[in-house]
Amino acid sequence: MPDAAGQSQAFQADVAKLLHLMVHSVYSDRDIFLRELLSNAADACEQLRYVALADSALAFSPFAVRISIDKDAQTLAFEDNGIGMSQQDLTDHLGTIARSGTRAFLDRFGNGAEEAWGADAREKLELIGQFGIGFYSAFMVADRVDVFTRRAGATEAFHWSSDGRGTFSIQPPAQGEAPVQGTRVVLHLNEESKNYLEPGRIERLVHEHSSALAVPIELVEEKGARRLTDGVALWTKPKAAINLDEYTNFYQSLGGVFDEPALTMHWHAEGRHDYTVLAFVPGSRPFDLFDSSRPGRAKLYVRHVLIKEDAEIVPRWLRFVRLVIDSADLPLNVSRETIQESPVFASIKKAVTNRVLQELTKLAESDKEKFAKIWEHFGSVLKEGLYEDPEKRDALFGLARFATSAHSAGGRGLKDYMEGLQTNQTAIYYLLGEDLARLSASPQLEGFRARGIEVLLLPDPVDAFWVATAVGFDGKPFKSVTQGAADINSIPLKENLDAGAAEEAPPVAGLATLYALMKQVLGEAVEAVRVSDRLSSSPACLVASDRGPDRRLERILAESGRLGPASKPVLEINPAHPLIRALAARIGAPDKGKFEDIVWLLFDEARLMEGEKPADAPHFAARLTRILLDAASQPAP
Ligand code: ADP
Ligand code: MG
C-alpha cells in the first residue's frame, strides 16, 4: 500500500551520488534529458505492446507521447500511454540503479566527480551519452520532478516526487492527476533551464534527436496541439525516403551516443525469410566492448513489436555492430526464449552475419580509408572470429589489416603480403609482441629485412590465439620468426643492402668452441647456443626452440596460469658481429670472469630486447658495473 503520508524514502546510495552529479553539473548543453525521457516513454509503449500479446485483458489505444509546455506553472511534462509503473516499479526503477552503463559511469566518475566535470563540456556530454544516465538526467534541468503513473491493468495510481537531493516520496495522486494509463513525468524547470519552455526549441530538439522513435510525438502549448513526428519506425521506410541525418539520428538514439556511424546497412530480405535489418558500425569504440558480461546489441522486433532489447543476432566477434531487426516470420505469441531457440531465428542470424561480413568486405575494397578506421576500432574484435569461427576465417582474413616490417603504419592485407612473397619463401612470417615500436625494432627481423621478406607485426593480445590455430593462408603456413631455426638461408640477400653488416662473415676459427663455452656459462638458462641467419646488425637474440611454443604465446599462457614454467629459449648468435668475433679471439685468455660477464650481459641484452627483465637483476647490475669500470679505466685515447 502506498504510504498515505508520502513519507520520504532515501535513494540507494549510488543514485544519490549520481543525482548530486546531475544537480551540480554545469552544462552548456543539457538537451540530453529530452532524448532520455522520450525514449523511456517510447519504451513504455513498446513494452505494453509486448505484454498485451500474452494478456488479452490489456487493451491499449493508439500509442502517443505528448510533451506539454505550461508557461504559467513553468513546467515541461512528458506523458505516454504505455505500460506505466506500480509502486514497486517506482521504488525499483526510480530509486536504484540497475543499468550497467550507469554503474560503469559512476565507477569512473562517482568519486572526486567534481574534478572529472572539469573536462570540457562536449567531452562530458559524450561521456554521459556513452554511459546512458537515463531518467536521472531530468535533474539537470529540473529542481523537482513529479511522476504520475498507473500500471496497465491496475486501478491504483501513484505519485513519485523528488528534488533530487537524497530522498523521494511516493503517495496517492490527487483526483485526476494521474493518466488513465501510462506515465506523466513533470519537470519543474530550474532557473537555468527556462528556455525549454519555448516550443520552437523543443520542436527542433525532437527533430534532431528523437525523430525516428516508433511512437508519434505531439507537442501541446499555448497555441494548441500538433504532431512533431509520425511515429513510423525508420527501418520500415524505403531507403530512398530516408536521408543521412535521419539515419544518424536513429543511430544516436539507438545507442545513446553522439558519434556518427562509420557504416550504415539497411536491407530487406525476402524469400526464405522475410525481415528487415538496419545495422550500424559505430564511429568510435564503445567503452564496454571488452566487458565479458556485455549483452548483445540487437533490438529484435517481430512485426513491429519489440520482443527483445539485447538480442544476440550476430556472433561475439561482431558485437560492436548495433542493429535493429524486424521479422515477419517469427512467431509472435511465444516467449522470448522460444523465439531465440527457433530454427528460423538461427537461419536469420546466419544470413544477417553473412550480410554484415559482405558489407564490410565491400567497404574494404571501395573505401580503404573508411575501412581503416573501422579496423582500427574493431579489428581486435573481428580477429576473435579467426579462431572462434573457422567457417568465416577466409572472409575475415580478407578483411584483416596488419602493420608489417616493411609497412609499420599498418593497413597491409594478406593479399598484399602474398604479392610481395620472395622466391623460395615458404611461409607467412609473423612476430608477436606487446607494442608495435618494439616489435619493429626487434633483432629477429634483421635477417628477414636483409632478404626483403615482409614480417607481420602482431601486437594485439588476440593475435597469439589466432596464429596458433590458423592453418595458413593461400597455401602458406604462418610461422613465427622467433621460433625454431629461421630456414631463410635459401632466400638471397638483397644486394642493395648496406654491404658491411650483411656480408658473409669470414670464418673465425673457434666459433663452434665459442658456442660450446657460452652454453657452459649460461647452463640451464638456455636450451642451446647456436649460429643464426636471422641477425645482421645485433650480436645475439633469443628464439623459441624448435619444439617449444612461440615465446610470446607462452608468456600469455603463463600469465593466465594455463601453463607451467616457461620453456628454455635458444640464444642465437650473429657470427659476423665484431663483438662475437672479439669474444672468439679471447678463448683461452686468462681472465675467465670477464668472459662470463660478457656472455651473461649478451644474454640479458637479448632478454631486454624481448621486453623481458634481466634474468637476475642484482647480478646483471654487478656485471654491467664491472664491465663499465673496466671500459672507463682504459687510458683515454
Ligand atoms: P533505462 O531506460 O535504460 O532502463 P532509465 O533511467 O531511463 O533507464 O529508466 C529507468 C527505468 O524506469 C526504466 O527501465 C523503466 O522501468 C522505468 N521508467 C522510466 N520512465 C518510464 C515511463 N515513462 N514509463 C514506464 N516506466 C518508465
Ligand atoms: Mg531510458
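Residues numbered from 1 in each chain as written. Chains lettered and ligands numbered in written order. Predicted model: local features only at pLDDT ≥ 70, side-chain atom pairs only at ≥ 80, totals over all residues. Heavy atoms only, no water.

A.B. asks: Can you break down the overall build of the protein residue by residue, with the values?
C.D. replies: Scanning the protein from N- to C-terminus turns up 23 helices and 21 strands. Per-residue burial over the protein gives 52% buried out of 637 residues. Considering only contacts within the protein whose residues lie at least 6 apart along the sequence, 72% involve residues at least 24 apart. Carbon and sulfur atoms provide 52% of the accessible area of the protein, an area that totals close to 29,200 Å². (Helix = DSSP H or I, 4+ residues; strand = E, 2+ residues; numbered from the N terminus. Buried < 20%, exposed > 50% of the residue type's maximum accessible area, 1.4 Å probe, protein only. Contact = heavy atoms within 4.5 Å. Areas by Shrake-Rupley, 256 points an atom, 1.4 Å probe, with all protein chains shown as cover.)

A.B. asks: Can you explain the pattern of salt bridges? Please cite residues and give values.
C.D. replies: Following the criterion strictly, the structure yields 31 salt bridges and no others. Its salt-bridge partner being R226, residue E221 comes within 2.8 Å of it at the nearest N-O pair. The network of salt bridges with shared partners includes R66, E218 and R227. (Salt bridge = Lys/Arg side-chain N within 4 Å of Asp/Glu carboxyl O.)

A.B. asks: Now, about the packing of aromatic side chains: what can you tell me, with residues and values included?
C.D. replies: In this description, a pair of aromatic rings is defined by centroid distance and the angle of the planes. Per the counting criterion, the structure on display carries 21 aromatic pairs. Seen in terms of ring centroids, F135 and Y136 are 5.7 Å apart; in terms of plane orientation they differ by 75°. Their pairing is edge-to-face. The pair formed by F135 and Y136 is uniform in burial state, with each residue classed as buried. Ring geometry for F402 against W466: centres 5.9 Å apart, planes inclined by 40°, an arrangement best described as tilted. (Phe/Tyr/Trp six-rings, centres within 6.5 Å; stacked < 30°, edge-to-face > 60°.)

A.B. asks: Kindly report on the packing of helix α2 (residues 32–54) against helix α7 (residues 199–209), identifying the contributing residues and their values.
C.D. replies: Two elements in contact, α2 and α7, have axes separated by 10 Å at closest approach and are oriented at 65°. Classified by the angle their axes make, α2 and α7 are roughly perpendicular. Crossing of α2 over α7 shows right-handed handedness. Contacts between α2 and α7 involve L34, R35 and L38 from the first element and I202, L205, V206 and H209 from the second. Here the residues of the contact of α2 with α7 sort into 5 nonpolar, 1 polar and 1 charged. (Axes fitted to C-alpha atoms, helices over the stretch in contact; angles between N-to-C directions. Parallel < 35°, antiparallel > 145°, perpendicular 65-115°, else oblique. Left-handed = near helix turned anticlockwise from the far one by under 90°. Nonpolar A, V, L, I, M, F, W, Y, C, P; charged D, E, K, R; others polar.)

A.B. asks: Talk me through the nonpolar core; I want residue IDs and the actual numbers.
C.D. replies: Generally speaking, nonpolar side chains in soluble globular proteins are found buried as a group. Ranked by internal contacts, the top residues of the largest apolar core, which has 78 residues, are V281, V352, L360, W466 and F478. By residue number, the principal contributor to this core is helix α10 (residues 343–366), which donates 8 residues. When residues are assigned to domains, this core turns out to be shared by domain 2 (234–378) and domain 3 (402–633), each giving three or more. When near neighbours in sequence (up to four residues on either side) are disregarded, V352 contacts W267, Y275, V277, I313, V314, L323 and I325. Core analysis: the next-biggest nonpolar cluster, separate from the first, contains 54 residues, L19, F33, C45 and L94 among them. (Core = buried A, V, L, I, M, F, W, Y, C linked by side-chain atoms within 4.5 Å. Domains from an automatic or database assignment.)

A.B. asks: I'd like a rundown of the sheet that holds strand β21 (residues 570–573), residues and numbers included.
C.D. replies: Think of a sheet as strands paired side by side through backbone hydrogen bonds, with each pair either parallel or antiparallel. The strand order across the open sheet formed by 3 strands is β19-β21-β20, and the pairing between neighbours is mixed. At either end of the open sheet lies a strand with only one pairing partner, and these are β19 (528–531) and β20 (540–543). Here the strands of the sheet are splayed against their neighbours by 30° on average, with no regard to which way each runs. The strands touched by helix α22 (residues 592–609) are β20 and β21; relative to β20, the strand with the most contacts, the crossing angle is about 60°. (Pairing = 2+ DSSP bridges.)

A.B. asks: I'd like a rundown of unusual backbone geometry, residues and numbers included.
C.D. replies: Leave glycine aside and you will find that most residues have negative phi; peptide bonds, for their part, are mostly trans. At Q74, a position not held by glycine, the phi torsion is positive, near 60°. Secondary-structure assignment places Q74 in the loop between β2 (65–70) and β3 (75–80). A residue is classified by how much of its surface remains accessible, and Q74, at 29% relative accessible area, is partly exposed. A positive phi angle, close to 55°, is found at D474, a residue other than glycine. Relative to the helices and strands, D474 is located in the loop between α17 (463–469) and β18 (478–480). Its relative accessible area of 59% is what places D474 among the exposed residues.

A.B. asks: Break down helix α19 (residues 511–522) for me, citing the residues and quoting the values.
C.D. replies: With 12 residues, α19 extends 16 Å from end C-alpha to end C-alpha; this agrees with the ideal 16 Å at 1.5 Å per step. Listed in full, the buried residues belonging to α19 are L511, L514, Y515, M518, V521 and L522. Down the axis, α19 shows its buried residues gathered within 120° of arc, on one side only. The outward face of α19, more than 90 degrees from its buried face, is lined by the exposed residues A512 and Q520. Buried residues along α19 sit in contact with β19, β21, α21 (578–585) and α22. The positive-phi residue at the C-terminal boundary of α19 is G523, with phi of around 55°. (Expected span 1.5 Å × (residues − 1). Arc of directions from axis to C-beta.)

A.B. asks: Outline the pairing of strand β11 (residues 275–281), listing residues and values.
C.D. replies: For β11, a buried count of 7 out of 7 residues is recorded, marking the element as mostly surrounded by other parts of the structure. As defined by bridge partners, strand β10 (residues 263–269) adjoins β11 across 7 bridges and the pair is classed as antiparallel. Following the sheet pairing, T264 is matched in β11 by F280. Connecting β10 to the next strand, β11, in antiparallel fashion are 5 residues, including G271 with a positive phi near 110°. As defined by bridge partners, β11 adjoins strand β14 (residues 322–327) across 6 bridges and the pair is classed as antiparallel. Bridge pairing links Y275 to S327 in β14.

A.B. asks: Any chance you could break down the environment of I488 for me, citing the residues and the numbers?
C.D. replies: Turning to its location among the elements, I488 is positioned in the loop between β18 and α18 (499–502). A residue is classified by how much of its surface remains accessible, and I488, at 0% relative accessible area, is buried. Separated by 37 residues in the primary sequence, I488 and R451 have C-alpha atoms spaced 8.4 Å apart. With residues near it in sequence (within four places) discarded, I488 still touches Y429, G447, F448, R451, I453 and D533.

A.B. asks: I'd like a rundown of the sheet that holds β18, residues and numbers included.
C.D. replies: Strand order in the open sheet formed by 4 strands is β15-β17-β16-β18, with mixed pairing between adjacent strands. The open sheet has two edge strands with one neighbour each: β15 (403–404) and β18. Looking at chain direction, strand β16 (residues 428–432) and β18 are connected through 3 bridges and run parallel. By the bridge assignment, Y430 is partnered in β18 with S480.

A.B. asks: Requested: an account of the confidence of the model for the protein, with residues and values cited.
C.D. replies: In the predicted model, the protein carries a mean pLDDT of 86, and 88% of its residues have values of at least 70. Low pLDDT, under 50, characterises residues 112–122; the stretch is placed with 12 contacts to residues that sit more than four places away or in other chains. Here residues 496–502 is modelled with pLDDT under 50, and outside its nearest four sequence neighbours on either side it reaches 6 contacts, counting other chains as well. (pLDDT = per-residue confidence, 0-100.)

A.B. asks: How would you summarise helix α11 (residues 368–382) if you had to cite specific residues and measurements?
C.D. replies: With 15 residues, α11 ought to run about 21 Å at 1.5 Å a step, yet its terminal C-alpha atoms sit only 17 Å apart, falling short of that. Where α11 bends most, the angle comes to about 55°, and this point is E376. Against β10, β11, α10, α12 (384–388) and α13 (393–399) lie the buried residues of α11. (Bend = angle between axes of the 7 residues up to and from the residue.)

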